[in-house]
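What follows is the residue order along each chain.
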Amino acid sequence: MIAKGLILLTRGWQLGPSKILPPSCRYQPSCSAYAITALQRYGAAKGGWLALKRICRCHPWGGQGPDPVP
């Protein structure tokens, strides 16, 4: 139930602010797509933790390229 709410928030991000802002994600898939997959696969606790770690890695000095959900 909590995971579904977080997925809805993420989809809201994809349909709202993400459409207006220029693309800037350094990884494939994008951070929001990664978060949705992680939440679907692992649930709110572990999926949310994986998504948070991924978002924290997404900065100019971080990595880039393919980074699939484990």
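Position labels on residues start from 1 in each chain and follow its written sequence. A pLDDT threshold of at least 70 governs which residues receive local features in this predicted model, and a stricter bar of 80 or more applies before side-chain atom pairs are shown or counted, although totals over entire chains, interfaces and linings include all residues. Heavy atoms throughout the structure, all of them, feed into the side-chain values; hydrogens and water do not.

In the nomenclature of an unreviewed UniProt entry, the chain corresponds to Putative membrane protein insertion efficiency factor from the organism Sphingomonas cremea. Regarding the chain, the UniProt comment filed under Sequence similarities (unreviewed entry) reads as follows: "Belongs to the UPF0161 family." UniProt positions are given in the numbering used here, feature names are shortened, and annotations may be inferred rather than shown by experiment. The heading Subcellular location (unreviewed entry) in the UniProt record of the chain holds the text "Cell membrane".

**So, the packing of aromatic side chains**
Here a Phe, Tyr or Trp ring, Trp counted by its six-membered ring, pairs with any other such ring whose centre lies within 6.5 Å, and the pair is stacked when the planes are under 30 degrees apart, edge-to-face when over 60, and tilted otherwise. Scanning all chains against the criterion turns up 0 aromatic pairs. Lying across the ring of Tyr 42, Lys 46 places its NZ or CZ 4.5 Å from the centre. Note that Arg 57 overlies the ring of Tyr 27, its terminal NZ or CZ placed 5.8 Å from the centroid. Two conditions define a charge located above a ring, namely a distance within 6 Å from the ring centre to NZ of Lys or CZ of Arg, and an angle within 35 degrees of the ring normal.

**Looking at the packing of helix H1 (residues 2-15) against helix H3 (residues 31-57)**
Running from amino to carboxyl end, H1 crosses H3 at an angle of 170 degrees, the nearest separation of the two axes being 10 Å. The pairing of H1 with H3 is recorded here as roughly antiparallel in orientation. Across the interface between the two elements, Ile 2, Ala 3, Leu 6, Ile 7, Thr 10, Arg 11, Trp 13 and Gln 14 from H1 touch Ser 32, Ala 33, Ala 35, Ile 36, Leu 39, Gln 40, Gly 43 and Ala 44 from H3. The residue inventory of the contact of H1 with H3, partitioned by class, reads 10 nonpolar, 5 polar and 1 charged. Convention adopted: a line fitted to C-alpha atoms gives each axis, helices being fitted over their contacting stretch, and angles between N-to-C directions are expressed from 0 to 180 degrees. Helix and strand definitions here come from DSSP, where helices need a minimum of 4 consecutive H or I residues and strands a minimum of 2 consecutive E residues; each element is numbered from the N-terminal end. To sort the angles, those under 35 degrees are grouped as roughly parallel, those over 145 as roughly antiparallel, those from 65 to 115 as roughly perpendicular, and the leftovers as oblique. It only takes one pair of heavy atoms within 4.5 Å for two residues to be counted as in contact. Classification used: nonpolar for Ala, Val, Leu, Ile, Met, Phe, Trp, Tyr, Cys and Pro, charged for Asp, Glu, Lys and Arg, polar for all others including Gly.

**So, H1**
A helix's residues, less one, multiplied by 1.5 Å, set its expected span. Over its 14 residues, H1 runs 20 Å from end to end, which matches the ideal 20 Å to within 8%, given 1.5 Å per residue. The set of residues buried in H1 consists of Ala 3, Ile 7 and Thr 10. Projected onto a plane normal to the axis of H1, the buried residues spread over an arc of 65 degrees and lie on a single side. In H1, those exposed residues whose orientation departs by more than 90 degrees from the buried face are Ile 2, Lys 4, Leu 8, Leu 9 and Leu 15. As for H1, its buried residues are in contact with H3. Under the scheme applied here, a residue whose accessible area is under 20% of the maximum for its type counts as buried, over 50% as exposed, and between as partly exposed, the area being computed with a 1.4 Å probe on protein chains only. Each direction from the helix axis to a C-beta atom contributes to the arc, which is the arc of those directions.

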